[in-house]
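Observations on the three-dimensional arrangement
Residue-level listing of the chains:
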Amino acid sequence: MQDVKTALTIAGSDSSGGAGIQADIKTMTMNGVFAMSAITALTAQNTTGVSGILESSPEFLEKQLDAVFADIFPDAVKIGMVSSSDLIVTIAASLRKHAAKNIVVDPVMVSTSGARLIAEEAVKTLCDELLPLASVVTPNIPEAEILSGVKIANQDDMLKSAAKINSEFGCAVLLKGGHDINDANDLLYSGENNFRWFYGKRIDNPNTHGTGCTLSSAIAANLAKGFSLENSVLRAKEYISGALAAMLDLGSGRGPMYHAYNLSGKFSENRTLEDRLADSVADIWQKYYEHDFVKGIETGKLDPKKFRHYMIQDYLYLNEYAKVFSLGITKAKDSESDVVKLCARTIQAISEVELDVHRGYMAKFGVTQEEIDATHRTLENLSYTSYMIRVAYDEGVAEIMAAILSCALSYEAIAKNIVRNNPKACDHELYGNWVKCYSGEVYCSTNVTLLNMLKELTRDYTQEQLEHVCEIYRVCSLYELEFWNMANSGGVEI
């Protein structure tokens, strides 16, 4: 039987179907989980506004929650519109009683049309009772100002506000941009040295009714499926962008999005191997993007002497890296002729694409073959390549591919991130060729082929075997981080 994850939405009903319980259920379904609900209030509303609210009693809300938790325990909980203190206290007590997990709180205070949806005295109860239980809270700019007491006029203010909410309530904060602060850029803040900006482009669609409900429900659905918080937010933002871009136009006011725009698409799928790999290294890769050496390439301000040292060490690394592919050829079974061909082609690509870029830099820096031959690999370089060679000798072809892909995919991700942040980086007189190589079509297409091969090789793997593949991928990513540290500091040459 298929392993179906479940999610519970605790929110108000929207009679027009664009927000609230209705939007939550559509979103959760589209994002591949079984949706359940506990209704906090009925609303009479359409695309032009809210004309009436009829609250559930605390006693009846408690019965709804007990019924759900007693029978189909949810893998995640999303909390939306809760208009009174009594209801908030009821929800918090129930979540504690049932030890609920993966709790996403969308602090709905004002509707898109401007109607107030929560009593003022209930805000304090929300802060005291619900936010300390949350895995993540998802305020927009006005809501974050209320929760933090920080006036937000720019991205620095967003950081201050998110930091204060995180410090006071102990939950992660997804502070949603917009409201003229930025171009739909959101901030995920989990701690002082643990935050990430999600950059997006504003979609020119006036029909945004229910965007907050939809985003928080998509995050809850992905948490229910086992995605990390960071990747849950990333997938949720991609989903909501697609729903907005579908340009549904219903009603005479600010209308709803088209939640079902991708009815048979990837958002209903369970976690793939690619998702598992990404989740296993998300924290490490974020450190790549923010690394001083990488940022130096991005801005063009990196010390050329550091880059020269790095290129020599990377040249030595690539020669060992090619040997890992050679060992992959020797490990391939007779039935895996495609692996042999792919490894052979990749060795050729390393020589003709990557090492050719390196040779160009060697000539530019005046590095002779004699100097390369006389240079020892640093301790970081030796440790990394020795680990990959050990994997190649001791493990199977799939595990070898996992070790290889950590380097291959991370360089593509780093280069593309540099281009996103600074499109002119490709034109830099010194670092431009490096950026173009690793963000270019030839290099990236080889990565697609390698990743597809790994997917095929692990098609019949058990959960334990897949976890081992991800472990190798993560260990190599940690070595990659040490390689960047070596590039920046000089490392320890043996």
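Our structure's up above, just so we're on the same page.
Overview of the structure. (Residues numbered from 1 in each chain as written. Predicted model: local features only at pLDDT ≥ 70, side-chain atom pairs only at ≥ 80, totals over all residues. Heavy atoms only, no water.)

1. Digging into the overall build of the chain
- When its secondary structure is counted, the chain shows 18 helices and 9 strands.
- Expressed as lengths along the three principal axes of its C-alpha atoms, the size of the chain is roughly 80 × 50 × 40 Å.
- Sorting the 494 residues of the chain into buried and exposed places 55% on the buried side.
- A sequence separation of at least 24 residues applies to 75% of the contacts in the chain between residues at least 6 apart.
- Looking at charge distribution, the chain has the averaged site of its 45 positive side-chain charges lying 2 Å from that of its 64 negative ones. (Helix = DSSP H or I, 4+ residues; strand = E, 2+ residues; numbered from the N terminus. Buried < 20%, exposed > 50% of the residue type's maximum accessible area, 1.4 Å probe, protein only. Contact = heavy atoms within 4.5 Å. Lys, Arg positive; Asp, Glu negative; His and termini not counted. Charge placed at Lys NZ, Arg CZ, Asp CG, Glu CD.)

2. Things to note about the nonpolar core
- Judged by nonpolar contacts, the single largest core of 82 residues is most densely connected at Phe307, Tyr310, Tyr321 and Trp434.
- Looking at this core, the element that brings in the most residues is helix 15 (residues 397-421), giving 16 residues.
- With sequence-adjacent residues up to four places away left out, phenylalanine 307 is seen in contact with Phe293, Ile297, Leu302, Tyr361, Phe365, Tyr431 and Trp434.
- Counting 43 residues, the second-largest nonpolar core is a separate cluster that includes Leu61, Ile79, Leu87 and Val137. (Core = buried A, V, L, I, M, F, W, Y, C linked by side-chain atoms within 4.5 Å.)

3. Looking at the environment of isoleucine 400
- Here isoleucine 400 shows up in helix 15.
- Residue classification places isoleucine 400 among the buried residues on the basis of a relative accessible area of 3%.
- Apart from residues no more than four positions distant in its own chain, isoleucine 400 is found in contact with Val324, Leu327, Gly328, Lys331, Val391, Ala392 and Glu395.

4. Overview of a nonpolar patch on the surface
- Where nonpolar side chains cluster on the molecular surface, the patch consists of Val4, Phe34 and Ile72 and spans about 250 Å² of accessible area.
- Looking at where isoleucine 72 falls in the secondary structure, it is placed in the loop between helix 2 (58-71) and strand 4 (76-79).
- For isoleucine 72, a relative accessible area of 34% translates into the label partly exposed. (Patch = residues over 30% accessible without salt bridge, like charges linked within 9 Å, V, L, I, M, F, W, Y side chains within 5 Å. Areas by Shrake-Rupley, 256 points an atom, 1.4 Å probe, with all protein chains shown as cover. Salt bridge = Lys/Arg side-chain N within 4 Å of Asp/Glu carboxyl O.)

5. Observations regarding helix 10 (residues 292-299)
- Among the residues of helix 10, those classed as buried are Phe293, Val294, Gly296, Ile297 and Glu298.
- Packing partners of the buried residues in helix 10 comprise helix 9 (273-290), helix 11 (304-331), helix 15, helix 16 (432-439) and helix 18 (463-489).
- Of the residues one or two after helix 10, glycine 300 is the one with positive phi, at around 80°.

6. Quick look at the pattern of salt bridges
- Summed over all chains, the structure comprises 19 salt bridges.
- In this structure, lysine 78 engages aspartate 24 in a salt bridge whose closest nitrogen and oxygen atoms are separated by 2.9 Å. Separated by 54 residues along the polypeptide, lysine 78 in strand 4 and aspartate 24 in helix 1 (residues 20-30) bring together distant segments of the chain.
- For aspartate 24, a relative accessible area of 0% translates into the label buried.
- Close ionic contact of glutamate 412 with lysine 416 constitutes a salt bridge, the shortest N to O distance being 2.7 Å.

7. Some words on the packing of helix 14 (residues 379-394) against helix 15
- Contact geometry for helix 14 and helix 15: axes closest at 8 Å, N-to-C directions at 155°. Here helix 14 lies roughly antiparallel to helix 15, going by the angle between them. Crossing of helix 14 against helix 15: the hand is left-handed. For the pair helix 14 and helix 15, contact is made by Tyr384, Met388, Val391 and Ala392 and by Glu399, Ile400, Ala403 and Cys407, respectively.
- Counted by class, the contact of helix 14 with helix 15 contains 7 nonpolar, no polar and 1 charged residues. (Axes fitted to C-alpha atoms, helices over the stretch in contact; angles between N-to-C directions. Parallel < 35°, antiparallel > 145°, perpendicular 65-115°, else oblique. Left-handed = near helix turned anticlockwise from the far one by under 90°. Nonpolar A, V, L, I, M, F, W, Y, C, P; charged D, E, K, R; others polar.)

8. Focus: the pairing of strand 1 (residues 6-14)
- By the criterion of burial, strand 1 is predominantly enclosed, with 9 of the 9 residues buried.
- Note on the crossover from strand 1 through helix 1 to strand 2 (residues 34-46): the handedness is right-handed.
- As judged from the 4 bridges shared by strand 1 and strand 4, these two strands associate in the parallel manner. Counted as the bridge partner of threonine 9 is lysine 78 from strand 4. (Right-handed = clockwise from strand over helix to strand, strands pointing away. Pairing = 2+ DSSP bridges.)

9. Considerations on the sheet that holds strand 4
- Strand order in the open sheet made by the 9 strands is 3-2-1-4-5-6-7-8-9, with mixed pairing throughout. Edge positions in the sheet fall to strand 3 (49-55) and strand 9 (194-198), since each of these pairs with one other strand and no more.
- The pairing of strand 8 (residues 186-191) with strand 9 spans 5 bridges and is classified as antiparallel. For leucine 187, the partnering residue across the bridge sits in strand 9 and is tryptophan 197.

10. What about the side chain of serine 83?
- By the element assignment, serine 83 lies in the loop between strand 4 and helix 3 (85-97).
- A distance of 2.5 Å separates a polar atom in the side chain of serine 83 from a polar atom in the side chain of glutamate 55. (Polar contact = N/O pair within 3.5 Å; in protein donor to acceptor, adjacent residues only side chain to side chain.)

11. Quick look at the packing of aromatic side chains
- Applying the stated criterion across every chain, the model contains 26 aromatic pairs.
- Ring geometry for tyrosine 317 against tyrosine 321: centres 5.5 Å apart, planes inclined by 25°, an arrangement best described as stacked. With tyrosine 317 and tyrosine 321 both in helix 11 and 4 residues apart, this pair spans about one turn of that helix. Note on accessibility: tyrosine 317 and tyrosine 321 belong to one class, buried. (Phe/Tyr/Trp six-rings, centres within 6.5 Å; stacked < 30°, edge-to-face > 60°.)

12. Here's the deal with the side chain of asparagine 205
- Mapped onto the fold, asparagine 205 is located in the loop between strand 9 and helix 7 (211-224).
- At 2.7 Å, the side chain of asparagine 205 and the backbone oxygen of leucine 244 are in polar contact.
- Beyond its immediate sequence surroundings of up to four residues, asparagine 205 is in contact with Leu244 and Met247.

13. Focus on the packing of helix 8 (residues 229-245) against helix 9
- Orientation of helix 8 relative to helix 9, taken along the N-to-C sense of each, is 110°, at an axis distance of 9 Å. By the criterion of interaxial angle, the relationship of helix 8 to helix 9 is roughly perpendicular. For the pair formed by helix 8 and helix 9, the contact residues are Glu230, Asn231 and Arg235 on the first element and Asp275, Ala278, Asp279, Ala282 and Gln286 on the second.
- Broken down by class, the residue content of the contact of helix 8 with helix 9 amounts to 2 nonpolar, 2 polar and 4 charged.

14. Examining unusual backbone geometry
- Here alanine 99, not a glycine, exhibits a phi torsion of approximately 55°, which is positive.
- Relative to the helices and strands, alanine 99 is located in the loop between helix 3 and strand 5 (103-105).
- The exposed category is assigned to alanine 99, whose relative accessible area is 56%.

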